[in-house]
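This is what each chain is made of:
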Amino acid sequence: MTMPFDDTSAVPTEALLLLYANGDREASRALTMRLLPRVLSHAERVLGNRAEAEDIAQEAMLRLWKIAPDWRQGEAKVTTWLYRVVGNLCTDRLRRRRGVGLDEVPEPVDDQASPADRMQETARASALHAALARLPERQAQAVILRHIEELSNPEIAEIMDISVEAVESLVARGKRALTADLAGQREELGIRE
Amino acid sequence: MSNAPYEPDPLEAEFSALKRRVEPPSGDLMARVMADADAVQAQILTPLPKARVSALSRVMDVIGGWPTLAGMATAGMAGVWIGVAQPAALLEGSQTLLYGDANAALVDLDPSFGFSDLDGEL
């Protein structure tokens, strides 16, 4: 089977990073297309603010470009490293300002749902976003990585530099707190159970 | 267990709603990230400018630096001392080393022995 020269979808991320360090400009474009959406969405979910998430995403990608020539193949996944960088950058931001108002949460982009469903979706997402912002930082990060980014517990443990058991504990405590927090809001916000 | 099969979650509806709320990166952010990538890549590919090196530094590099220079100076001083003082022990030692048992090595040929004996045959 032949593969077009410009088809980078089958190339592993680590190999693309090596190509980038060797001067391949197409590799930087492919890495940006592949990684920036994930980095941005994760930062936005943690911070609840689009503009700040864009700054964080740009900074995280800049750190990736800088580390490219020193990247040691096979030691860690690029995505794991990036999630860790984004997590640390978000933690720094959150320590400077804590709490997200519902007004700051962006509107959903699902245009196919009915207006009623869209309202429900908006209310649910906004309520969860706000509740996550009220959680301790580490719990919120663990819950987002597990249930929104859908990463495995060992991968989260590597990102957060803790044991798998500690991840399980953080996620469990975070979800208990979220459930309690959202229980009171569902009725208030008109969310159907 | 760390990766147990997924079970229905009371927060599933909220998690799903948040998961679906994905807005792709803006063109402006893409452009900024790509500009960073190009700038860093240019730095990576540009060799560092060579620092100016003095003649002394180049000589030192060739001979192996200060430790070698110190060794050379010591050897030079020792040579001068041996030449000036000519220590007796060293002279005896060097004679033994150079000539060894001279009697065994010398062959005193009779002057009458020579190729002249062969003249007639050649």
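Quick notes on the rules
Counting starts from 1 at the beginning of each chain's written sequence and moves along it residue by residue. For this description, chains carry letters from A and ligands carry numbers from 1, given in the order in which they are written. Where totals are concerned, whole chains, interfaces and linings use all residues; where local detail is concerned, this predicted model gives features only for residues with pLDDT of at least 70, and gives and counts side-chain atom pairs only at 80 or more. For side-chain calculations, the full set of non-hydrogen atoms in the structure is used, while hydrogens and water are omitted. pLDDT measures the predictor's confidence residue by residue and takes values from 0 up to 100. A run of DSSP states H or I qualifies as a helix once it reaches four residues; a run of E qualifies as a strand once it reaches two. Both are numbered from the N-terminal end. We call two residues in contact when some of their heavy atoms are within 4.5 Å. A 1.4 Å probe defines the accessible area here, and the buried area is the portion of it lost by two parts on being joined, summed over both. Only one rule defines a salt bridge in this text: a Lys or Arg side-chain nitrogen within 4 Å of an Asp or Glu carboxyl oxygen. Under this definition, polar contacts are N or O atom pairs within 3.5 Å; protein pairs additionally need one hydrogen-donor-capable and one acceptor-capable atom, and for neighbouring residues in sequence, both atoms have to be side-chain atoms. Here the expected length of a helix is defined as 1.5 Å per residue gap, with one fewer gap than residues. Only protein chains enter the area calculation, which uses a 1.4 Å probe; residues under 20% of their type maximum are buried, those over 50% are exposed, and those in between are partly exposed. Between the N-to-C directions of two axes lies an angle of 0 to 180 degrees, each axis being a line fitted to C-alpha atoms and, for a helix, fitted only over the stretch in contact. Note on terminology: angles under 35 degrees are roughly parallel, angles over 145 are roughly antiparallel, angles of 65 to 115 are roughly perpendicular, and the others are oblique. Residues were grouped as follows: Ala, Val, Leu, Ile, Met, Phe, Trp, Tyr, Cys and Pro as nonpolar; Asp, Glu, Lys and Arg as charged; and all remaining residues, including Gly, as polar. Residues enter a nonpolar core if they are buried and are Ala, Val, Leu, Ile, Met, Phe, Trp, Tyr or Cys, with the set joined through side-chain atoms within 4.5 Å. An automatic or database domain assignment supplies the residue ranges for each domain. Any two of the Phe, Tyr and Trp rings considered here, Trp counted by its six-membered ring, make a pair once their centres fall within 6.5 Å; the pair's planes then place it as stacked at under 30 degrees, edge-to-face at over 60, or tilted in between.

Trainee: Just to check I follow, could you spell out the confidence of the model for chain A for this structure?
Mentor: Residue and element names in this part refer to chain A. For chain A, mean pLDDT is 83; residues scoring 70 or higher make up 81% of the total. Within chain A, no element has a lower average pLDDT than helix α5 (residues 115-134), which sits at 79, and none a higher one than helix α3 (residues 50-67), at 95. Note that residues 1-5 has pLDDT below 50 and, in this model, one contact with residues that lie over four places away or in other chains. Below pLDDT 50 for its whole length, residues 99-110 participates in 22 contacts with residues either more than four positions away or in separate chains.

Trainee: Would you mind showing me how to read the interface of chain B and chain A here?
Mentor: Many authors give the size of an interface as the accessible area that is lost as the parts come together. Listed by partner, the interface residues are 32 residues for chain B and 52 residues for chain A. Buried surface at the junction of chain B and chain A, summed over both partners, amounts to about 3,800 Å²; 60% is from carbon and sulfur atoms. In this structure, Asp55 of chain A and Arg32 of chain B form a salt bridge, with 3.8 Å as the shortest nitrogen-oxygen distance. The tally of links between chain B and chain A comes to twelve residue pairs in polar contact (both at pLDDT 80 or more). Of all the secondary structure elements, the ones that give two or more residues to the side of chain B that touches chain A are α1 (12-20) and α2 (27-45) of chain B. In terms of residues, the side of chain B that touches chain A owes the most to one element, α2 of chain B, which gives twelve residues.

Trainee: Teacher, can you tell me more about helix α6 (residues 137-148) of chain A here?
Mentor: Residue pairs three or four apart in sequence face the same way in an α-helix, which turns once every 3.6 residues. Residues and elements named next belong to chain A. Here α6 is twelve residues long and its end C-alpha atoms lie 15 Å apart, about the 16 Å a rise of 1.5 Å per residue gives. A large share of α6 lies buried, amounting to ten of its twelve residues. When we look at burial in α6, the residues that qualify are Glu137, Gln139, Ala140, Gln141, Ala142, Val143, Ile144, Leu145, His147 and Ile148. Positioned one or two residues after α6, Glu150 has a phi angle of 60°, which is positive.

Trainee: For this particular structure, what's the right way to read the packing of α6 of chain A against α1 of chain B?
Mentor: Helices that pack against each other are described as a pair by the angle of their axes relative to one another and the distance between those axes. In the contact formed by α6 of chain A and α1 of chain B, the axes pass within 10 Å of each other and the chain directions differ by 80°. Here α6 of chain A lies roughly perpendicular to α1 of chain B, going by the angle between them. Counted together, Val143, His147 and Ile148 of chain A of α6 of chain A and Phe15, Leu18 and Lys19 of chain B of α1 of chain B form the full contact between these two elements. Among the residues making up the contact of α6 of chain A with α1 of chain B, the classes are represented as four nonpolar, one polar and one charged.

Trainee: Would you explain the nonpolar core in this entry?
Mentor: Within soluble globular proteins, side chains that are nonpolar generally end up buried alongside one another. Counting 54 residues, the largest nonpolar core has Met61, Leu82 and Leu132 of chain A as the members making the most contacts within it. Among the elements that line this core, the one with the most residues is helix α2 (residues 25-47) of chain A, at ten residues. Here this core gathers at least three residues from each of two domains, domain 1 (1-106) and domain 2 (108-193) of chain A. Sequence-distant contacts of Met61 of chain A, defined by excluding residues within four places in its chain, comprise Leu31, Thr32, Leu35, Leu36, Val39 and Leu82 of chain A together with Val33 of chain B. Ranked by size, the runner-up nonpolar core spans eleven residues in total, among them Leu151, Met160, Val167 and Leu170 of chain A.

Trainee: Would you explain the side chain of Glu149 of chain A in this entry?
Mentor: Residues and elements named next belong to chain A. Among the secondary structure elements, Glu149 is positioned in the loop between α6 and α7 (153-160). Classification of Glu149 as buried rests on a relative accessible area of 13%. There is a polar contact of 3.1 Å between the side chain of Glu149 and the side chain of His42. For Glu149, the residues in contact, after removing those within four places along its chain, are Ser41, His42, Arg45, Tyr83 and Ile144.

Trainee: Looking at this structure, I do not really get the packing of aromatic side chains. What am I missing?
Mentor: The geometry of an aromatic ring pair comes down to the distance between the two centres and the angle between the two planes. Residues and elements named next belong to chain A. With the rule as written, the count across this model stands at two aromatic pairs over all chains. With centroids separated by 5.9 Å and ring planes inclined at 90°, the aromatic side chains of Trp71 and Trp81 adopt a geometry described as edge-to-face. Residue Trp71 is found in the loop between α3 and α4 (78-96), and its partner Trp81 is found in helix α4; the two are separated by ten residues along the sequence. Of the two residues, Trp71 and Trp81, both sit in the buried class.

Trainee: Whenever I open this one, the pattern of salt bridges confuses me. Can you help?
Mentor: When charged atoms on two side chains of opposite charge get close, those side chains can pair. All names here are of chain A. Evaluation of the coordinates by the stated rule reveals 15 salt bridges over all chains. Between Glu44 and Arg50 there is a salt bridge; the shortest N-O distance is 2.7 Å. The pair formed by Glu44 and Arg50 is uniform in burial state, with each residue classed as buried. Here Glu52 and Arg93 are joined by a salt bridge, their closest N and O atoms 3.5 Å apart. Pair noted here: Glu52 is in helix α3 and Arg93 is in helix α4, with a separation of 41 residues, a long-range link. Overall, Arg93 belongs to the buried group, its relative accessible area being 18%.

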